[in-house]
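Coordinates in review
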Amino acid sequence: MIFRRHSYGQMLLVCIFILIVVSLAFSVQKKQQKLIHSTDPALRIQWFDQHVKMKENSPFKEMSWQHLGPTNVSGRSTDIAVVTPKGKHYTIYVATASGGVWKTDNEGTTWEPIFDQEASASIGDVTLAPSDDQIIWVGTGEPNIFRSSMAGSGVYKSTDRGKTWRHMGLTGTHTIARIVIHPENPDIVYVAASGHEWTDNAERGVYKTVDGGETWSKVLYINERTGAIDLVMDLADPETLYAATWQRVRLKWNDPRNFEEYKESGIYKTIDAGQTWTPINNGLPEPKYRGRIGIDVARSNPNVIYAFVDNYEISRAADPGKVDSYGRPSSGNIKGATVYRSDDKGENWRQMSGLDEEMKTYMERHSATYGWVFGQMRVDPNDENTIYTMGLGLNVSNDGGKTFRRLRGMHGDHHGLWIDPDNSDYIVNVNDGGIVISYDRGETWLQFLHNLPVCQFFNLNYDMDKPFRVYGSMQDHGSFRGVVDLSQGRGKIPAVEFERAPGGEGCSHAIDPTDPNIVYSAGFYGRIARSDLRIPGREGTTQILPKMYENEPRLRGQWVAPFIISPHNPNIIYHGMQYLFRSRDRGDTWERISPDLSYNIKSEMGDIPYQTLFSISESPLKFGLIYVGTDDGKVYVTKDGGKNWQEIIKDLPYRKWASRVVASAFDLGTLYLTQNGKRDDDFAAYVWKSTGYGKTWQDISKGIPLGPVNVIREDPSDKNILYVGTDIGVYISKDAGATWDVLGGNLPSTFVHDLIIHPRDNIIVIATHGRGMWAMDAEPINKKEERSRNRRRR
């Protein structure tokens, strides 16, 4: 090697040049790594309008989706509105968490969807104008911000009992907690907006219109992280309103919680119809301990107001060896659900609940660790001392909150209640199981499971039995399976009852293609089991989660952790946590075949497992060619069964959730990738194709105007046909992603979480989060049987 001498000046110039190059490179890298947040509200509505036009003009608009069921399970509902007086009217409106708004004119004998073609099917509130029951307002966006809550698209108004709707703005609010209409003037409307779930934004607080929604004024605003979570009016004095504010954001690795600097959650009062507001928190917990708050005014005595506070004061310290119901380390107990009462219109508050040890324990368990999910309360309009609080159960107190008892006989997790002002025996409740009605103050309940099909599926898979069955897990219901019955014809697939299946509420499934009785289920943050359906009860299920040594990092798995059976050998299975595991003996033993494939940032590890694998795909053409995508935006490939891994995220959006990665069954180096921006409040469509094992990517999202995108599938009989499921519907491409069309003309606006094409029976099935499962005959699309007949003739 030859060394040459250089002058000091030359060396200095070289160093400056290198510094400039490095700085520019770093600048470019930082630019590429900028996380895209929050789609502009006007752009989102523009994208939705494009989707509607595409649906109207689609060459596939005459093709129909057939509702598959289940016919025996309903789903999470958030609010109700009832036309009064009862006896003269039997009309009820139900707001569902992600299935739109439904109406009955015969007290539940039949239901019809009346709000299922709008920009969002996530509903926070439905309200009737007291002076005109033809006027209905709907606030979109569930404010409970649970793990599967979806963003809304503002407020809507109907003046013909729900036959037609008009979008009235407030698109950027994303969640609407309450709409209050003046008792005499229906043009005066107040809206409590709790704001974006995942990001800070200014479109939150209390809004008011005096012209029926043509224009809006923001009359109460705190800051970009504090919205209005409840709003009530003193009907004896409509100029007086009370608003509860909630400072919160949901992080990808934490449920909503109070941070040390939080101080803005509280209660405000106006006595001049919203012109000015005064904080009224005397007697409530310190600001740093106040979480979500529900409020209500006693109609029989408007001096009396109740506040239902998610109280973050520590009650019991953490036990290092204790875990919660999902197997996560316990962080101890807070006081949680706490009821306060004011007898002077909010000037002073006093604690009513949890004052003795028995009630203290009762209230700690009232909402478990999910006080931020619930927070609703109601005062009996005819008795100021009878109150109802909603949490895991529906609870009633007849002594102003000193003691409570739980009402039984319906599903759990409660979000709304209506009490007949003319007859307190008649109450209507909504919960994670749908809607129930009681005629005896909650002693017995009438349920509507068979005719309100709004269950929320997380995922979908199928078996190879005859007839084949589809599997999926539902929010708060567990895992179910249903038969796809083709006996009446491919265009007459009936909706059926589903039966219980192995697995829990958040659970992926894989069924042995050679034996439909062997079912794998992976749920609740990656716990995994193998079940033999021929053996009844627990004896037929074996827990097969890979074991780790004490000195190794704790396993992290997503809520619906990914799991697949190898297309090359049904005894080989793959399971994704922060590592990829492989078993060659159906889960009896495991080997870890990857390092931690996430960013593994310590500051982004909280009480929700994050930085985990979310999608796995092994090439059907080559054993050991495996792709994985993570929830924090990493994508990797291994070509040798895990010996070596290569990161393949060049030119992809920075840290976007990899919702699906699919290895082509036709071309060895081809794969497809979708990314989902929901957790950045980003509604763009991200769809990618690579023909070089992920070394380079081609954007094939052009023609899909609106996301987020949840799934992509390759047609098993035609490599040019692709299907994409989004938070608004299903798209199809017949030219490998060059152009796209909306698939089907009758599908409501719905969150399509998963999609399969049965390889033998050629039936497309989608799992929606809010409208159950739907099926469609794929033969008119891919001509599989026609091509097969032509080949036989040759």
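Residues numbered from 1 in each chain as written. Predicted model: local features only at pLDDT ≥ 70, side-chain atom pairs only at ≥ 80, totals over all residues. Heavy atoms only, no water.

Some remarks on the packing of aromatic side chains
- According to the stated counting rule, one finds 20 aromatic pairs in the structure shown.
- A ring pair is formed by Tyr520 and Phe563, whose centres lie 5.4 Å apart and whose planes are at 40°; its orientation type is tilted. Taken together, the positions of Tyr520 in strand S35 (residues 518–523) and Phe563 in strand S38 (residues 563–565) put the pair 43 residues apart, joining distant regions of the chain.
- Phe563 sits in the buried class, given a relative accessible area of 6%.
- Site record: aromatic cluster; members linked through ring pairs are Phe458, Phe524, Tyr525 and Trp559.
- One residue, Arg147, lies across the ring of Phe146, its end atom 4.7 Å from the ring centre.
- The ring of Trp559 carries the charged tip of Arg147 above its face, separated from the ring centre by 3.4 Å. (Phe/Tyr/Trp six-rings, centres within 6.5 Å; stacked < 30°, edge-to-face > 60°. Helix = DSSP H or I, 4+ residues; strand = E, 2+ residues; numbered from the N terminus. Buried < 20%, exposed > 50% of the residue type's maximum accessible area, 1.4 Å probe, protein only. Lys NZ or Arg CZ within 6 Å of the ring centre and 35° of its normal.)

Some words on the pairing of strand S39 (residues 573–576)
- Side chains Ile573 and His575 of S39 all project onto a buried face; the interleaved residues Tyr574 and Gly576 project onto the opposite face, where all are buried too.
- Looking at chain direction, S39 and strand S40 (residues 580–583) are connected through four bridges and run antiparallel. By the bridge assignment, Gly576 is partnered in S40 with Leu580.
- Hairpin remark: S39 followed by S40, antiparallel, with three residues in the connecting loop. (Pairing = 2+ DSSP bridges.)

Regarding empty space enclosed by the protein
- Per the counting criterion, the structure on display carries six cavities of 30 Å³ or more.
- Lining of the largest cavity is provided by 19 residues; of these, Arg44, Met150, Ala151, Phe683 and Asp727 occupy positions nearest its centre.
- Residues belonging to the lining of the largest cavity are distributed by class as follows: nine nonpolar, five polar and five charged.
- In this structure, the second largest cavity occupies an estimated 60 Å³ of space. (1 Å grid on protein atoms, 1.4 Å probe; cavity = no way out; pocket = protein on both sides within 12 Å on 5 of 7 lines; lining within 4 Å. Points joined across faces, edges and corners; volume = space filled by probe spheres on them. Nonpolar A, V, L, I, M, F, W, Y, C, P; charged D, E, K, R; others polar.)

Concerning the confidence of the model for the protein chain
- In the predicted model, the protein chain carries a mean pLDDT of 93, and 94% of its residues have values of at least 70.
- pLDDT under 50 marks residues 1–32. Its contacts with residues more than four places away, or in other chains, come to three contacts. (pLDDT = per-residue confidence, 0-100. Contact = heavy atoms within 4.5 Å.)

Comments concerning the state of the cysteines
- One pass over the structure, following the stated rule, counts zero disulfides.
- Cysteine Cys455 remains unbridged, with the sulfur of Cys507 as its closest cysteine sulfur at 15 Å.
- Taking the relative accessible area as the measure of exposure, Cys507 reaches 1% and is therefore buried. (Disulfide = S-S within 2.5 Å.)

Let's talk about the side chain of Asn281
- Tracing the chain through its elements places Asn281 in the loop between strand S17 (278–279) and strand S18 (290–297).
- Those residues in contact with Asn281 that lie beyond four places of it in its chain are Gly266, Ile267, Arg290 and Trp349.

A short note on the environment of Gly283
- Within the element layout of this structure, Gly283 appears in the loop between S17 and S18.
- Its relative accessible area of 39% is what places Gly283 among the partly exposed residues.
- The contacts of Gly283, once residues within four sequence positions are left out, are Tyr340 and Trp349.

Things to note about the sheet that holds strand S56 (residues 773–777)
- Strand order in this open sheet of four strands is S1-S56-S55-S54, and the pairing throughout is antiparallel. The open sheet terminates on both sides in strands that have one partner only, identified here as strand S1 (66–69) and strand S54 (752–757). Neighbouring strand axes in the sheet, compared pairwise and without regard to direction, differ in orientation by 25° on average.
- The sheet contact formed by S54 and strand S55 (residues 763–768) spans five bridges and is antiparallel. Bridge assignment links Val752 to a residue of S55, and that residue is Thr768. (Axes fitted to C-alpha atoms, helices over the stretch in contact; angles between N-to-C directions.)

Section: helix H2 (residues 41–57)
- Given a rise of 1.5 Å per residue, 17 residues ought to cover 24 Å, and the 25 Å separating the end C-alpha atoms of H2 matches this to within 8%.
- Where H2 is concerned, the buried positions are Arg44, Ile45, Trp47, Phe48, His51 and Lys55. Summarising the axial view, the buried residues of H2 lie within an arc of 155°, below the 170-degree limit, and thus occupy one face. Residues of H2 that are exposed and point more than 90 degrees away from the buried face comprise Ala42, Lys53 and Asn57. (Expected span 1.5 Å × (residues − 1). Arc of directions from axis to C-beta.)

Topic: the sheet that holds strand S13 (residues 217–220)
- Pairing is antiparallel in the open sheet, where four strands are placed in the order S10-S11-S12-S13. Sheet topology places strand S10 (176–181) and S13 at the edges, where each strand pairs with a single neighbour. Adjacent strand axes in the sheet meet at a mean angle of 25°, parallel and antiparallel pairs treated alike.
- Bridge analysis of S10 against strand S11 (residues 189–193) gives five bridges, and the strand direction is antiparallel. What sits directly across from Val180, in S11, is Tyr190.

Some details on unusual backbone geometry
- Note the cis peptide between Thr84 and Pro85, where omega equals 0°.
- Relative to the elements of secondary structure, Pro85 occurs in the loop between strand S2 (77–82) and strand S3 (92–96).
- With omega at -5°, the peptide bond leading from Gly707 into Pro708 counts as cis.
- Mapped onto the fold, Pro708 is located in the loop between strand S49 (698–699) and strand S50 (709–714).
- Here His174, not a glycine, exhibits a phi torsion of approximately 70°, which is positive.
- Along the chain, His174 turns up in the loop between strand S9 (166–167) and S10.
- Positive phi is not limited to glycine here, since Asn600 has a value of about 55°.

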